[in-house]
Amino acid sequence: MKTKTTRLEIETTEHTQMVEITEQVRRAVAKSGVRDGVCLVFVPHTTAAVTINENADPDVVRDITMELGKIVPWEDGYRHREGNAAAHLKCSLVGASETVIIENGAPLLGTWQGIWFCEFDGPRRRKALVKVISED
Amino acid sequence: MKTKTTRLEIETTEHTQMVEITEQVRRAVAKSGVRDGVCLVFVPHTTAAVTINENADPDVVRDITMELGKIVPWEDGYRHREGNAAAHLKCSLVGASETVIIENGAPLLGTWQGIWFCEFDGPRRRKALVKVISED
Amino acid sequence: MKTKTTRLEIETTEHTQMVEITEQVRRAVAKSGVRDGVCLVFVPHTTAAVTINENADPDVVRDITMELGKIVPWEDGYRHREGNAAAHLKCSLVGASETVIIENGAPLLGTWQGIWFCEFDGPRRRKALVKVISED
């Protein structure tokens, strides 16, 4: 079964921010009508990323972005003129995509897992692409 | 061809530990009967991850966990009350999934590559999910 | 539709280097004849990786490799005898694979995105595997 790519629109409001998109991904999977398969979430930007992490305590993503900022300092002798080289590196460390299993028409996530869009150089209007691969 | 998700059970014995699961993944692929396609290994936890790395010299994974512990210190002014924020960040850096090619009914890995479950806040009973996407 | 895995040959010339392989991936997808699906790029090495990042300003990948070298120092009390433990860790941080969407017979990438092979212990002769999963 062929499926259409879903474009999610995400508006970030902070310079560095994790925005949960689990529900949007869930809706895209439900809309596809696919019962079994996998779902790819792909971020078409080079200073943003996608990750899966805890969505119960908001301090978790706050700690993740804080510590990532310490590991990859914003200024550190970079040559890239736009001044956002740190955001590019964070993008490669966290990654441009995540793939999840689809079972019974929904993403198969662990109890504490949520899907997070990671903004590393905002605020901006962003996109995430959701592609379902069906086994039906 | 529709395939069932295989649930691997992993019992970790250390706080931070890499456990090789290559053989379990290989068995899950063989059991699926699929000759060609891809195989997704997904970790449904937020303080664990999966990676592909050398399985010849055990010092490699020992060095990886040691250095990762230096890069992401266990205590560093985190707010998350459970005290395991570092494990959550490691999870996002290493990643919740890996996808490998299936050729001739087996994962197509490089000579030195093994698939490793990464425990960052053990010891615990953990799971890894193996999902085969068939082209047959 | 069943597709063959494409083997890309990459010859790196530096110890640490990012080599763009977007065009080779694009050609592999075109040659497969697949119009819609996904494409997995997999690196079968344990001291190399693949990532997606900016391909407009060459300073971006220069900054990424430079900063990654600061975050994961080449010497840091590692035990692995071959002396390239840092390269192994970089491999797990950046990751052995990337998956992109195929739409209209081509990888669906953002405006600034390129696919990069990451050499962390060169120069060497390397490979990257491209596997297309078709929905056609």
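Treat the numbers as computed from the prediction; the structure is a model and nothing was measured.

Trainee: Outline the overall build of chain A, supporting the account with residue identities and numerical values.
Mentor: If you tally the helices and strands in chain A, you get three helices and eight strands. In terms of overall size, chain A behaves like a compact globule, its C-alpha atoms giving a radius of gyration of 16 Å where 136 residues would be expected to give roughly 14 Å. Structurally, chain A occupies a C-alpha span of about 50 × 30 × 20 Å along its principal axes. The buried share of chain A, reckoned over its 136 residues, is 64%. If you take every contact in chain A between residues at least 6 apart in sequence, the share linking residues at least 24 apart comes to 84%. Approximately 5300 Å² of chain A is accessible, and the part contributed by carbon and sulfur atoms is 46%. Where the 17 positive side-chain charges of chain A centre and where its 20 negative ones centre are 9 Å apart.

Trainee: Let's hear about the relation of the copies chain B and chain A: which residues, and what values?
Mentor: Expressed as a screw transformation, the operator carrying chain B onto chain A has a rotation angle of 120° and an axial translation of 0.0 Å, and the superposed copies differ by an RMSD of 0.0 Å. The superposition operator between the copies reduces to a three-fold rotation axis. Within chain B, L93 of chain B has its C-alpha nearest the rotation axis, a separation of 3.3 Å. When you check the interface residues of chain B against chain A, a mere 9% turn up at the interface there too, and the two sides of the contact use different surfaces.

Trainee: Go over the packing of helix α2 (residues 58-71) of chain B against helix α3 (residues 85-94) of chain C with me, naming the residues and quoting the values.
Mentor: Packed helices, taken two at a time, are described by their axes: the angle between them and the distance between them. Where α2 of chain B contacts α3 of chain C, the two axes come as close as 9 Å, and the packing angle between them is 70°. Between α2 of chain B and α3 of chain C, the angle is such that the two are roughly perpendicular. Contact with α2 of chain B, carried on its side by V60, D63, I64, E67, L68 and I71 of chain B, involves A85, H88, L89, S92 and L93 of chain C of α3 of chain C and no other residues of that element.

Trainee: Provide a residue-level description of the relation of the copies chain A and chain C, including the pertinent values.
Mentor: Its rotation angle being 120°, the transformation that places chain A on chain C also includes 0.0 Å of axial translation and leaves an RMSD of 0.0 Å. Taken as a fraction of all interface residues of chain A, those also at the interface in chain C reach only 9%, which identifies the copy contact as different-surface.

Trainee: Which residues make up the interface of chain B and chain A, and what values do they have?
Mentor: Opposite the 33 residues of chain B that make contact, chain A presents 33 residues. Buried surface at the junction of chain B and chain A, summed over both partners, amounts to about 2700 Å²; 55% is from carbon and sulfur atoms. Of all residues in chain B, F42, R79 and S92 of chain B give up the largest surface area on contact with chain A, accounting jointly for 20% of the area buried on that side. At the surface where chain B touches chain A, the tally comes to five salt bridges. Linking chain B to chain A there are 16 residue pairs in polar contact (both at pLDDT 80 or more). If you list the elements that add at least two residues to the side of chain B that touches chain A, you get β3 (37-42), α3 (85-94) and β8 (125-134) of chain B. With six residues, α3 of chain B is the single largest residue contributor to the side of chain B that touches chain A. Each residue belonging to the side of chain B that touches chain A can be placed in one class, and the counts come to 17 nonpolar, nine polar and seven charged.

Thresholds, definitions, all that
- Starting from 1, residues in each chain are numbered consecutively following that chain's sequence as written.
- Chain letters and ligand numbers both follow the written order, the letters beginning at A and the numbers at 1.
- Where totals are concerned, whole chains, interfaces and linings use all residues; where local detail is concerned, this predicted model gives features only for residues with pLDDT of at least 70, and gives and counts side-chain atom pairs only at 80 or more.
- To get the side-chain values, take all heavy atoms of the structure and skip hydrogens and water.
- Each helix is a run of DSSP H or I of at least 4 residues and each strand a run of E of at least 2, with the numbering of both proceeding from the N terminus.
- Here the globule rule is a power law, 2.2 Å times the number of residues to the power 0.38, and the radius of gyration is based on C-alpha atoms.
- Residue exposure (1.4 Å probe, protein chains only): buried if accessible area is under 20% of the type maximum, exposed if over 50%, otherwise partly exposed.
- Note on definitions: a residue-residue contact is assigned when non-hydrogen atoms from the two residues lie within 4.5 Å.
- Exposure was quantified through the Shrake-Rupley algorithm and a 1.4 Å probe, taking into account, for residues, occlusion by the shown protein chains and nothing else.
- His is not counted, nor are the chain ends, whereas Lys and Arg count as positive and Asp and Glu as negative.
- For the purpose of locating charges, the reference atoms are NZ of Lys, CZ of Arg, CG of Asp and CD of Glu.
- The least-squares superposition of copies is restricted to C-alpha atoms, and to residues with a pLDDT of at least 70 in both copies.
- Each axis is a line fitted through C-alpha atoms, taken for helices only over the stretch in contact, and angles between the N-to-C directions span 0 to 180 degrees.
- With respect to orientation, any angle under 35 degrees is reported as roughly parallel, any angle over 145 as roughly antiparallel, any angle of 65 to 115 as roughly perpendicular, and every other angle as oblique.
- By definition, the buried area sums, over both parts, the 1.4 Å-probe accessible area that each loses when the two are put together.
- Salt bridges are defined as contacts in which a side-chain nitrogen from Lys or Arg sits within 4 Å of a carboxyl oxygen from Asp or Glu.
- What qualifies as a polar contact is a pair of N or O atoms within 3.5 Å, subject to a donor-acceptor requirement within protein and to the restriction that residues adjacent in sequence count only when both atoms come from side chains.
- Three classes are used: nonpolar for Ala, Val, Leu, Ile, Met, Phe, Trp, Tyr, Cys and Pro, charged for Asp, Glu, Lys and Arg, and polar for all others, with Gly counted as polar.

That's the geometry; what it means functionally is another story.
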